[in-house]
Amino acid sequence: MKGNLAAAARRADKAIAVFDSGMGGLTVLRELRRAMPSERLVYFGDTARLPYGSKSKEAVTRFSLEIARFLLRRDIKMLVVACNSASALALPALEAALDVPVFGVIGPAVRAAAALARGGAAPGAHGAERSRGAARPGIVGVIGTEATVRSGAYPRELSAIGCRRIAVRAAPLFVPLVEEGWWDHPVTRSVAREYLAPLKKRKLRVLILGCTHYPMLKKTLRVAAGSRVLLVDSGVETAREVRMWLRERGLMRKGRGSEEFFVSDAPERFKRMARLFLGRKVPKVRLARVGV
Ligand code: DGL
């Protein structure tokens, strides 16, 4: 019994690993931190190989497995795939290869969107989305990278839980605009209007931000979508589900949280941008070679 408790405490103390192709996963890390201040978070941004959204399933799966192998060496208790493209293309391969639980961002976003479309509140919603209340009837729209859209993951998962009025649109220009820091910029506003126009024509009610870069564009997307459209941020929903999973198993860490950051290229740029993404300074960002 004592042995079991000690083993659970040792496991609880391990880190949560988080990865993305670049900076986008920081929107998920931000929510994980908000939900679980005591956790150790280890982040990997594959800045040398971004974007994933235009790559093949084979490439994204290989990159994801290489990163996972690197992160496994950091004493982790779970892996959060903070990238929709990798969640859409590489989740089964990661689950099969790793002996720690793997969380993608698509399932939590889909469950929240379906709840909103049925007229409830997104379970993880905070701030604006919660106070906006229930959605009126209409479609669930999804915007994401080309890889995510091509995978069909969102329509598949949404229809599996009974949500059938769906429209999906690739929005490939958003990732470079976010990485450039053009979050509230005339060019981005005009691109957003263009991408959302066909969805709005079909009575858009819930919009899933199906790429972890997009929460940085929330303000712009909210204006372009219209104030009645409810936005679903997969980071918020994923953090809520991860927290619940850990709590139910007695695996939440106690004490002071910490963070480690690794990238595959240009750590200085990442550090500078991460400060803007998170609204605070991040500790040292280290260069890591994966897959060599
Ligand atoms: N942030 C990633 C996602 O959620 C992808 C960005 C990219 O590398 O294309 O899909």
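For the structure, see preceding data.
**Structural notes on the environment of V140**
Now for step 1: In this fold, V140 is placed in strand β5 (residues 139-144).
Now for step 2: Given a relative accessible area of 1%, V140 falls into the buried group.
Now for step 3: Along the backbone, V140 and I166 are 26 residues apart, and their C-alpha atoms lie at a distance of 4.9 Å.
Now for step 4: Discounting residues that sit within four places of it in the chain, V140 has contacts with A113, A117, L158, C163, R165, I166, A167, L204, V206 and I208.

**Here we look at the site of the ligand**
Now for step 1: Within the structure, the ligand sits among 14 residues, and S21, Y52, N84, S85 and H213 are positioned closest to it.
Now for step 2: Here an oxygen atom of the ligand sits 2.8 Å away from a polar atom, N or O, in the main chain of G53.
Now for step 3: Take S85: an N or O atom from its side chain is 2.7 Å from an oxygen atom of the ligand.
Now for step 4: In the complex, the protein chains occlude 99% of the 300 Å² of accessible area that the ligand would expose alone.
Now for step 5: Partitioning the shell around the ligand into residue classes produces six nonpolar, seven polar and one charged.

**Focus: helix α8 (residues 153-160)**
Now for step 1: Residues of α8 that are buried include every one of A153, Y154 and L158, and no others. Angularly, the buried residues of α8 cover 115° about the axis, an arc narrow enough to put them on a single face. Structural note: α8 exposes R156 and A160 on the side pointing more than 90 degrees away from its buried face.
Now for step 2: Residues of α8 that are buried in the fold lie against α4 (84-97), α5 (106-117), β5, α7 (146-151), β6 (166-170) and β7 (204-210).
Now for step 3: Note on α8: the residue one or two positions beyond its end, G162, has a positive phi of about 90°.

**Concerning the side chain of S64**
Now for step 1: Along the polypeptide, S64 turns up in helix α3 (residues 57-72).
Now for step 2: Under the relative-accessibility criterion, S64 is labelled buried at 0%.
Now for step 3: For S64, the side chain forms a polar contact with the main-chain oxygen of V60, separated by 2.7 Å.
Now for step 4: Not counting residues up to four positions away in its chain, the partners in contact with S64 are F19, A86, A90 and L94.

**Comments concerning the pattern of salt bridges**
Now for step 1: Considering all chains together, one arrives at 19 salt bridges under this definition.
Now for step 2: Note that R49 is salt-bridged to E66, the shortest N-O span being 2.8 Å. Taken together, the positions of R49 in the loop between β2 (40-45) and α3 and E66 in helix α3 put the pair 17 residues apart, joining distant regions of the chain.
Now for step 3: Residue E66 is classed as buried on the basis of its relative accessible area of 13%.
Now for step 4: Linked by salt bridges that have partners in common, R111, E237, R240 and E241 make up one network.

Cut-offs applied
- Residues numbered from 1 in each chain as written.
- Predicted model: local features only at pLDDT ≥ 70, side-chain atom pairs only at ≥ 80, totals over all residues.
- Heavy atoms only, no water.
- Helix = DSSP H or I, 4+ residues; strand = E, 2+ residues; numbered from the N terminus.
- Buried < 20%, exposed > 50% of the residue type's maximum accessible area, 1.4 Å probe, protein only.
- Contact = heavy atoms within 4.5 Å.
- Near = heavy atom within 4 Å.
- Polar contact = N/O pair within 3.5 Å; in protein donor to acceptor, adjacent residues only side chain to side chain.
- Areas by Shrake-Rupley, 256 points an atom, 1.4 Å probe, with all protein chains shown as cover.
- Nonpolar A, V, L, I, M, F, W, Y, C, P; charged D, E, K, R; others polar.
- Arc of directions from axis to C-beta.
- Salt bridge = Lys/Arg side-chain N within 4 Å of Asp/Glu carboxyl O.

Shape descriptors only; they carry no functional weight alone.
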